[in-house]
Amino acid sequence: MKIINIISISDGNEKDLIKTIGSVKKQNFQKYKHIIIAKKLEKKFQLKNKSEKIKFIVGKDTSIYNAMNIGERLTFNNYTIYLNSGDIFFSNNSLKIINNKLKNNFNGQFVTILKYKNISFFPKKNFFFNKNTFTHSSFVRSPVKKN
């Protein structure tokens, strides 16, 4: 069983972030570390949601890309997936399914379903299987071997 790091980048919107944290906590696969990198978050929010599986990094980034790079530096030893603030996993088995598909040095892409109110947007198969398709929010990065 592998550890999966989940990186969530937040601008400080606690309402969106609580959805994401809840989705991660409900996963049946529990061998994960959730790293939340935020521009700002109230101390009260951090204390309420802190656990041994969640790490908050607040006020250390200068941009969204800098925040992503901070997350990358902290997670290079394990599989990593981005789950944006406000996004949720499709089901409580999402991490379990991802874990079962992982192999050594595997980089994988899974389907991201966009949802607005009660409307779901699925990518067309011919678009998803196009070799040029790439979205960070549905991409799993394998551990990075550093020399």
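What you see is a predicted model; the values in this text were computed from it and never measured.

## Details of the nonpolar core
Argument step 1. In this structure, I4, I6, I81, F89 and L95 are the most contacted members of the largest nonpolar core, which totals 13 residues.
Argument step 2. Secondary structure elements with two or more residues in this core: β1 (4-10), β4 (79-82) and α4 (94-101).
Argument step 3. Core analysis: the next-biggest nonpolar cluster, separate from the first, contains nine residues, I7, I37, A67 and Y82 among them.

## Considerations on helix α3 (residues 64-75)
Argument step 1. With 12 residues, α3 should cover 16 Å at 1.5 Å per step; its first-to-last C-alpha distance of 17 Å lies within 8% of that length.
Argument step 2. What α3 keeps buried is the set A67, M68, I70, G71 and T75. Taken down its axis, α3 places every buried residue within 155 degrees of arc, on the same side. Among the exposed residues of α3, those oriented more than 90 degrees off its buried face are Y65 and R73.

## A closer look at the pattern of salt bridges
Argument step 1. Overall, the coordinates contain two salt bridges when judged by the stated rule.
Argument step 2. The salt bridge involving D16 is made with K19; its shortest N-O contact spans 4.0 Å. Taken together, the residues D16 and K19, both in helix α1 (residues 14-25) and three residues apart, mark about one turn of the helix.
Argument step 3. The exposure class assigned to D16 is partly exposed, which follows from its relative accessible area of 26%.
Argument step 4. Between K39 and D61 there is a salt bridge; the shortest N-O distance is 3.8 Å. Pair noted here: K39 is in the loop between β2 (32-38) and α2 (43-49) and D61 is in the loop between β3 (54-58) and α3, with a separation of 22 residues, a long-range link.
Argument step 5. Judged by relative accessible area, which is 39%, K39 ranks as partly exposed.

## Notes on the confidence of the model for the protein
Argument step 1. Averaged over every residue, the pLDDT of the protein is 81; residues scoring 70 or more account for 74%.
Argument step 2. By mean pLDDT, the top-scoring element of the protein is β2 (96), and the lowest-scoring one is helix α5 (residues 125-128) (57).

## Side note on the pairing of β3
Argument step 1. Pairing between β2 and β3: five bridges, direction parallel. Residue pairing in the sheet places I35 in a bridge with K55 of β3.

## Remarks on the side chain of S94
Argument step 1. Inspection of the secondary structure puts S94 in helix α4.
Argument step 2. S94 has contacts with Q27 and F89, leaving out every residue within four places of it along the chain.

## Focus on the packing of aromatic side chains
Argument step 1. Enumeration according to the criterion identifies one aromatic pair in this entry.
Argument step 2. Here F45 and F56 contribute two aromatic rings whose centre-to-centre distance is 6.3 Å and whose plane-to-plane angle is 75 degrees, an arrangement assigned as edge-to-face. Of this pair, F45 sits in helix α2 while F56 sits in strand β3; the two residues are 11 residues apart in sequence, bridging distant segments of the chain. Both residues of the pair, F45 and F56, belong to the buried class.
Argument step 3. Just above the ring of Y32 sits the side chain of K53; from NZ or CZ to the centre is 4.9 Å.

Cut-offs applied
- Going along each chain's sequence as written, the residues are numbered from 1 onward.
- Local features in this predicted model are restricted to residues of pLDDT 70 or higher, and side-chain atom pairs are both shown and tallied only at a pLDDT of 80 or more, whereas totals for entire chains, interfaces and linings draw on every residue.
- Side-chain figures throughout are based on the complete set of non-hydrogen atoms in the structure, without hydrogens or water.
- For this analysis, a nonpolar core means a set of buried residues of the types Ala, Val, Leu, Ile, Met, Phe, Trp, Tyr and Cys, connected via side-chain atoms within 4.5 Å.
- Accessibility here uses a 1.4 Å probe with only protein chains present; expressed as a share of the type maximum, an area under 20% marks a residue as buried, one over 50% as exposed, and anything in between as partly exposed.
- The secondary structure listing takes helices from DSSP runs of H or I that are at least 4 residues long and strands from runs of E that are at least 2 residues long, numbered from the N terminus.
- A helix's residues, less one, multiplied by 1.5 Å, set its expected span.
- Comment: arc refers to directions from the helix axis out to C-beta atoms.
- The salt bridge definition used is simple: a Lys or Arg side-chain nitrogen within 4 Å of an Asp or Glu carboxyl oxygen.
- What pLDDT expresses is the predictor's confidence in each residue, scored from 0 to 100.
- When DSSP finds two or more bridges between two strands, those strands count as paired.
- What makes two residues a contact is simply this: any of their non-hydrogen atoms within 4.5 Å.
- What counts as a ring pair is set by centres within 6.5 Å for rings of Phe, Tyr and Trp (its six-membered ring), and what kind of pair is set by the plane angle: stacked under 30 degrees, edge-to-face over 60, tilted for all other angles.
- Both a distance and an angle decide whether a charge sits over a ring: NZ of Lys or CZ of Arg must be within 6 Å of the ring centre and within 35 degrees of the ring normal.

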